[in-house]
Each structure stands twice: as C-alpha cells, then as structure tokens.
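For reference, the chains in residue letters:
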Amino acid sequence: MIRLTKKNRNSHHYASSVNAASRFSFLRNYVTPRALPFSFLCACSASADIMASLSMAPVNIFRHGADEEKAETARLSSFVGAIAIGDLVKSTLGPKGMDKILMGGGKGGTVTVTNDGATILKAIGVDNPAAKVLVDMSKVQDDEVGDGTTSVTVLAAELLREAELLIAKKIHPQTIIAGWRKATQVARDALREAAVDHSNDSARFQEDLLNIARTTLSSKLLTHHKDHFAQLAVDAVMRLKGTGHLDSIHVIKKLGGSLTDSYLDEGFLLDKKIGVNQPKRMENVKILIANTGMDTDKIKIFGSRVRVDSTAKVAEIELAEKEKMKEKVDRILKHGINCFINRQLIYNYPEQLFAQAGVMAIEHADFAGVERLALVTGGEITSTFDHPEMVKLGHCKLIEEVMIGEDTLIHFSGVAMGEACTVVLRGATQQILDEAERSLHDALCVLAQTVKEPRTVYGGGCSEMLMAKVVTDLANRTPGKEAVAMESFAKALRMLPTTIADNAGYDSADLVAQLRAAHQDNKTTFGLNMSEGTVGNMAELGVTESFQVKRQVLLSASEAAEMILRVDNIIKAAPRKRVPDHHPC
C-alpha cells in the first residue's frame, strides 16, 4: 500500500489521471522514497522508457505500397538517372557520331536505325523521374526548333555531373543554382553579341542557309550527300516565302534507287489511285474535297434485323439503297466539279456514276493527305452537299498520273498555294528512308526557324567555347562559393566540344586545349575541324548554326538541370490495386 505524506495527500486525484511517464514523475517528486518498494520504481522507470521510445519512432503517413526517398538518397537517384540518359546519347553527338539500333518489342519487331537524340529518347521507356525530365526536354527541343536534341541532353547531364561533385564538397544546391543563373545570363549575352545577321543581303543570307543545312546534315545519315540535300532543303523552305508552313512540304518515301536520286517536285504528289474508267489527266480542275461515306447507305444500328418474305423484297431494299446513293452523287455533281477526292472509300456503284459523268474520283486519301490537299488547293473539307453555294472548292491547273520507280502517283501542279512542293526520297531500305526523312525534317525545321530569326552563330564547338570563356572570366571576378558553381558551368560547356572530338576518335584533351588557347587570343571564330582533326576558322569552313537553336539548348539545359538539382524528396504513389472483373462482357 502506498502511503502519502501529509503535505501531498490532496494531490492524489491528479496522480491517477496522468500517463505512466507522468505518474512516475509525480511519484518520484511527491512520494517519500521509503514508502515505495524498489521493484515498483523499476517497473515505472521501464514504462517511461518504452513510452519515450515509441514517441521517437518514425510515423508512416503514406498509403501502403507508397515509397519515399529523402535528402541525399533522392538527390543521388536523380543524378544517376539524368547522367545515364546523357551517357546514352552522348556517342551520337557531332559529325562523327555513331548510330543506335532500336528494336520494337511488338509482334513485327520493327527495327529503327538512328542517331537522332529525340527519336532515341522517345523510343526508350524510362522509370527514373529525372531521366523523364530530360526526355521531355528533348521532345520540346525537337518541337521548338527541330535540332539540338542531343546537345541539350548532353549539356544538362554534364551540368548535373558537375553538381554532384560540388554537393560532395558540401556546397548547398541553392548556392550552385545562384551561380548557374548568373553564368547562364552572361553566356546568353555573349552568344547574342557573337551572332551575325545577313538578312539584308540576300546572297549572303542564302549562303548562310546552305551552310546551316550542311552543318545540320553533317551529323546525320545524309552527311555524304549533304550538298545535294542542303540545296534541296533550302529550295523547299525558300518556296514558303517566309511563312514557315512546313505542312506545305510533303515528303514521300519510295524504295529503290539511291539517296542521290531524291528530288524536289514543284507540285503536290498524292500516293493514291484514280478510279476505274475515269480520266487520268485533267486540266483546269475544280476539286471537291470530302469526308463522307460513299458505301451503300445501310441502316447502321447494332443488332438490327430486316425480315422479308421473298427475295423480291431484298431486291427492293437494294434498289432503294442504290437510289439513295444516286441522289447523293447527283448532289455532289451539282457543285460543278470535275474532281472528287474522298477520305473514305468509294464503292463500285458511285465510282461508276462518277465515271459516267466524266469526273475523276480519288478514294481513301488519308486524313493527313486530305488536310494537306485542302491547304495547298485552297479548298475546304466538306461532309454535307445540300448547299453548293456555301462550299469552297479547291483549284488546280493540272492533275495527272506519274511513275516513281514502279509505283503510280497522282501529281497536282499549279495549285492555289504556290509554295506547296513535294520531296521524293529514294533509298535502298525502309530504315534508310525513315532516317533520311528524320534528317531532312530537322534541316527543314532549322531553316524555317532561321528564316524567321535570321541571326546565325558558328558551330564546331566555337559557340560553347566562347560562352565558357565569358563564364570563366565572371567566375574569376566573383567572390564566394558561387564562383565554384560558375566554373562547373563553364566546364560543362567545354564538355560538348570534348565529346565531339572523342566521338571522332581524336585526342580531345589536346584539341580542346588548343581551342581554349585560341579563344584566349580572341580568335572567337575558331572551332573544331572534324574533317582533319584540327582547330580551324569556322567562318572560312562555313560551319554555321542557327542562333535560335544554340540559345534554346543553353536555356533548356540550364533550366532542366536547375529543376532536378532542387529536388530533395521523391515520393512514389502506391500502385493501383488490380480489381477482378466479375462482369466480363
């Protein structure tokens, strides 16, 4: 029995209302030591220790199955994923870059051979969140300017590689970011000052466009025929008259011949067939472009049935359907057209009616083909034909069939949109044609951007070394730890010419050291000549790149690296539970 002293007898009701740890504290303070047995005191002490340890245990606030990575673990995971993506595409950089084979996992097992960074990154599936950021950044670069997808990925990965070393030296991420932002600003200013604009001189601007096209194609499959394809790409873009409507340039791939057999056709080619017994050549054409069903107009209701008591009734139903289709064809012919192009199929009976009326009918033009035809002929896609006065027809001077290889195509010339043209690519295999199309697309995108933003800079690592020099100069004038971050930014920029030299099999350390010394002597147009493995004057060699592409590479890479560097926690949601379907259809 516990005996209380006289002075604390009134506090007994308080002791019974507190937890074990508080009760032990109360007994220790207010109960005479001689009144308690030793075993009871030990039990109370153990209870207090258990309660304290439970209060220090980590509490899981996430749903079962969710995962969390904190602090250094999260940061290291982000760095590893991003650097792995950079190392994956690094070997494709530069004029001597290597190709990758991408094999599809489907039944057909498609094979793609490419060195285009965006194509490689789109094809691979990544699970690391930081790697996904770089993949998305590469897609944006491809959509925005069309080229520089590998450069932007490699630069972002090199920035994060440098950041990993700085964090190992106990430099805070926010300090690194502050230094990077100042470095990005001075690099951008230096790039802007180095850019030249020849848009006022048409001859020099035309030469700039050819040099940009050659430089873009130098790192692609078409590098051995870059003069041919550079001229082809410039001619196609100059036809756009500065509009930048790349949809007006149609690319058709046909197996056979060699890459040098590719050519630019000043018209529009449609890879379809003209209907049976219809004219194969027509002049001064009025075209109705439609997206409508030209099969028999059956009752299209799921599960419907029609019961008849004789075969004569079936014949009546068929006759009614034919009459309905004849009325539809008559409504189409009231538009005063001599060419009808439909996105959907045209069945035998309406095709026969068009042939009797002397109208050229082209069926099953795919959606992209119909959209492009409407654009270049000046017409509109129509689905109803009750009001001919409201329909805008397309116009063309001549439609005829032409042969390319062993295939027959339909050629539209003298279209309303004069800038429309078609690039016909020839090649030995489908993989070569696909890669040639990707290479030409990059060149067309860069040229279209250059027509809008005519400033140019020099390539071959010249621009990167120029930016690295001004960033290093800023670091030398900056006190504190931010200077270390600026030095790391300059080092990441110098890694681009280093990688270009490594991929060509040259001594990168020697070449980059020579290039750095040249820029210190204010030879600001010097870069790497990968044809001879030396340092040369890019202005004389004609190695020119778009200012827009270089600026986008710098800004996108620094922003993506900064965002990944800010991460200190990765939280993965719990996977969705698979619920069995008790009501299968």
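Details of the structure are given in the entry above.
Below, the structure is looked at part by part.

The rules behind the values
- Residues numbered from 1 in each chain as written.
- Predicted model: local features only at pLDDT ≥ 70, side-chain atom pairs only at ≥ 80, totals over all residues.
- Heavy atoms only, no water.
- 1 Å grid on protein atoms, 1.4 Å probe; cavity = no way out; pocket = protein on both sides within 12 Å on 5 of 7 lines; lining within 4 Å.
- Points joined across faces, edges and corners; volume = space filled by probe spheres on them.
- Helix = DSSP H or I, 4+ residues; strand = E, 2+ residues; numbered from the N terminus.
- Nonpolar A, V, L, I, M, F, W, Y, C, P; charged D, E, K, R; others polar.

**A look at the layout of surface pockets**
Its boundaries defined by the atoms lining it, the largest pocket holds a volume of some 860 Å³. Considering the residues around the largest pocket, the lining is formed by 41 residues, among which Gly 94, Pro 95, Thr 215, Ser 218 and Val 543 are closest to the centre. Those elements that place two or more of their residues in the lining of the largest pocket are α7 (149-168), α9 (202-218), α16 (482-503), β16 (526-529), β18 (544-546) and α19 (547-565). Counting residues per element, the lining of the largest pocket draws most heavily on α9, at five residues. When its residues are assigned to classes, the lining of the largest pocket shows eleven nonpolar, 21 polar and nine charged. By volume, the second largest pocket amounts to about 340 Å³. In terms of lining, the second largest pocket is formed by 16 residues, of which the most central are Val 251, Glu 437, His 441, Asp 442 and Leu 444. Residue assignment for the lining of the second largest pocket shows that the elements contributing at least two residues are α5 (117-123), β5 (249-255) and α14 (430-452).

**Concerning empty space enclosed by the protein**
Enumeration over the complete set of coordinates arrives at two cavities of 30 Å³ or more. A volume near 40 Å³ is recorded for the largest cavity. If you trace the largest cavity, you find it lined by Leu 155, Glu 464, Met 467, Leu 493, Leu 496, Lys 550, Val 553 and Leu 554. For the lining of the largest cavity, the elements supplying multiple residues, two or more each, are α15 (462-477), α16 and α19. Among the residues forming the lining of the largest cavity, the class breakdown is six nonpolar, no polar and two charged.

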